[in-house]
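What the coordinates show
Given next are the chains, with one letter for each unit.
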Amino acid sequence: MIDENALLSLRVHPVQLYEAILFLTISFIVWRSLRFWRRRWSALIFSLCLLAAFRFFMEFLRDAAVPANTFTTTFGINPVQWFLLAMAAACSLGLILTEKSSKTVFQGHQEAEPTLRVLSLFVLSVSVVIYVFRNLFTSFELISLNIRFIPAILLTAYYVFRSLKISSLRLTTTAFFVLPLLLAAQTFSPDSTGSESVKEFYNDVKSYKRIDLNTSFGEYYSSVSFNPHEGYCGTAYTDEDYKYIYRLAGAGFSVVKKNEDFITTRGINLYGGIDKESNLTRHWQKTDIIFGVNPYFKYDRKWVGLGAGAHLGNIRWVPVSPVDKRFFDRGTRFSPILPEVQIRIGPKEVFNLQYNYGFNYPASLPVLPHELSIGTGFGLKDGYDLRLGIAVAHDYSTAFLSAEALLGKNYGLALKYNFRGADFYRYTVDDPVGQYIDRKGRILFGLNYRFGFEK
């Protein structure tokens, strides 16, 4: 906007200083208005209204070189400002409806501290949003944002670490925060492929190496059936109810080679973590350290794909069928080796049907059901996959959604979420009628780094 030899810049508004002052002002206004709200969520909605209105007016003062200001404007207002106006209007309407919806519940109410899961998912969500909308910021704004956000990630990870009492849980849980850090780091520089798209880049690649970092965690309820005996309608079993809380983390290395007609993948994973099982019927708890090594091989052609491997180590999993033993005093079974199998039918990049048993990173343990899913790669053979399926155990089934995507030519992201299962009822000697327990969702999450490309 000025000559390159100019000694001084044009006069500019110190937008960052304005933001700092107004953010503090918004915080003060929201804090002072807490006693006026009747509903629990009103304060949050009110703060979003103020934030949207503030950012709308601030856009008029921002540098014209900001990407958002290079868009086509309507009535002198750019698309970002139209979105902020819509957000302010929606929040205002939501605030009115929320306040009129019911009796007073907020005044005098003491909010509980957010759970560790909520904190972790919140940090992850913010990092994803920053990464997705990184092109709306200037380099200076991204640096300024990450100077504040990265310490917040580290402090949250430290808080989670200190809050966990079991030492074996600390490492696997805090490892989850590696992903938000990597996403934040990716906002600093653009993708190195330049004008060449990721799809075009991988079309020419003949082989590459890959490093995976993965974690999985969740809660799971099941009934373990054992002691087969004669019943009124044939064979009957004794049932005991269990709750499992597990945390796993792992790393893997693989080599991918691409030919004209097929793709081969040879790899190995190392993983470890804890599984805490609680017998809800007889009221006892046991904690196991799960660890293993997982060599595997995949062979993919256009219409069919096959995968095979094995888990070797201290392998424990929840039984998915009745145990034909008279006595069984655990909620999990043990084996030093466990096979894994994957079969795909149909083009991977278009539409396909897949059966999976054990092929999950870092591992499917301790919940090891059979999985049947449909998926697509959106026309891309490598790095992208969206699947919807069902995981089947002997007494119930649950749906899951999984996705894989490339964040550039080097980085990839994988996420899998098992939705809440069917209602679970626990029975005890003192409570033969049973008690309702809400099954929780389960999360499997991973990052991968690709390098050593050969064309």
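Definitions and limits used
- Residues numbered from 1 in each chain as written.
- Predicted model: local features only at pLDDT ≥ 70, side-chain atom pairs only at ≥ 80, totals over all residues.
- Heavy atoms only, no water.
- Salt bridge = Lys/Arg side-chain N within 4 Å of Asp/Glu carboxyl O.
- Helix = DSSP H or I, 4+ residues; strand = E, 2+ residues; numbered from the N terminus.
- Buried < 20%, exposed > 50% of the residue type's maximum accessible area, 1.4 Å probe, protein only.
- Core = buried A, V, L, I, M, F, W, Y, C linked by side-chain atoms within 4.5 Å.
- Contact = heavy atoms within 4.5 Å.
- Pairing = 2+ DSSP bridges.
- Phe/Tyr/Trp six-rings, centres within 6.5 Å; stacked < 30°, edge-to-face > 60°.
- Lys NZ or Arg CZ within 6 Å of the ring centre and 35° of its normal.
- pLDDT = per-residue confidence, 0-100.

1. Quick notes on the pattern of salt bridges
- In the structure shown here, the tally under the stated rule is eight salt bridges.
- Across the salt bridge formed by Arg210 and Asp212, the nearest N and O atoms sit 3.0 Å from each other.
- A salt bridge links Arg344 to Asp300; its shortest N-O distance comes to 3.2 Å. Here Asp300 lies in strand β4 (residues 284-301) and Arg344 lies in strand β6 (residues 333-345), a separation of 44 residues in the sequence. There is no split in this pair, since Arg344 and Asp300 are both buried.
- Several salt bridges converge on common partners, so that one network encompasses Glu277, Asp288, Arg316 and Arg330.

2. Points about the nonpolar core
- Of all hydrophobic cores here, the largest spans 19 residues; its most connected members are Leu124, Phe149, Phe176, Phe177, Leu179, Leu183 and Phe445.
- Put simply, the parts of the chain that give this core at least two residues each are α4 (116-132), α5 (139-163), α7 (178-185) and β14 (442-454).
- Sequence-distant contacts of Leu179, that is, excluding residues within four places in its chain, are made with Leu124, Leu413, Phe445 and Leu447.

3. Let's talk about the pairing of strand β2 (residues 234-258)
- One ladder, built from 23 bridges, connects strand β1 (residues 207-231) with β2; its direction is antiparallel. Paired with Phe217 across the two strands is Arg247, which belongs to β2.
- Two successive antiparallel strands, β1 and β2, enclose a turn made up of two residues.
- Relative to strand β3 (residues 262-279), β2 is paired through 17 bridges, and the arrangement is antiparallel. Each bridged residue has a counterpart across the sheet, and for Lys243 the counterpart in β3 is Ser278.
- Hairpin connection of β2 to β3: three residues between the antiparallel strands.

4. Some remarks on the packing of aromatic side chains
- Evaluation of the coordinates by the stated rule reveals 18 aromatic pairs.
- Where Phe201 meets Phe453, the ring centres are 4.9 Å apart and the plane angle is 85°; that geometry is what we call edge-to-face. Of this pair, Phe201 sits in helix α8 (residues 198-203) while Phe453 sits in strand β14, and the two are 252 residues apart along the sequence.
- Arranged with centres 6.1 Å apart and planes meeting at 35°, the rings of Tyr220 and Tyr244 form a pair that is tilted. Placement of Tyr220 in strand β1 and of Tyr244 in strand β2 is noted, with a sequence separation of 24 residues between them.
- Residue class for Tyr244 comes out buried when judged on its relative accessible area of 0%.
- Its guanidinium or amino end placed over the ring of Phe400, Lys416 lies 4.6 Å from that ring's centre, counting from NZ or CZ.

5. Remarks on the environment of Gly446
- Structurally, Gly446 can be placed in strand β14.
- Here Gly446 is in contact with Leu213, Asn214, Gly412, Leu413 and Ala414, once residues within four sequence places are set aside.

6. With respect to the confidence of the model for the protein chain
- For the protein chain, per-residue confidence averages 80 on the pLDDT scale, and residues scoring 70 or more make up 85% of the total.
- Averaged pLDDT values for the elements of the protein chain fall to 60 in strand β12 (residues 424-426) and rise to 94 in strand β7 (residues 352-357).
- Across residues 104-110, confidence stays below pLDDT 50; counting only partners more than four residues off in sequence or on other chains, it has 13 contacts.
- With pLDDT under 50 throughout, residues 190-195 is counted as low confidence; its partners more than four residues away or in other chains account for five contacts.

7. Notes on the side chain of Asn418
- With respect to the helices and strands, Asn418 occurs in strand β11 (residues 411-418).
- Since its relative accessible area comes to 7%, Asn418 is described here as buried.
- Excluding residues within four positions of it along the chain, Asn418 makes contact with Ala391, Thr398, Ala399, Phe400, Gly441 and Arg442.

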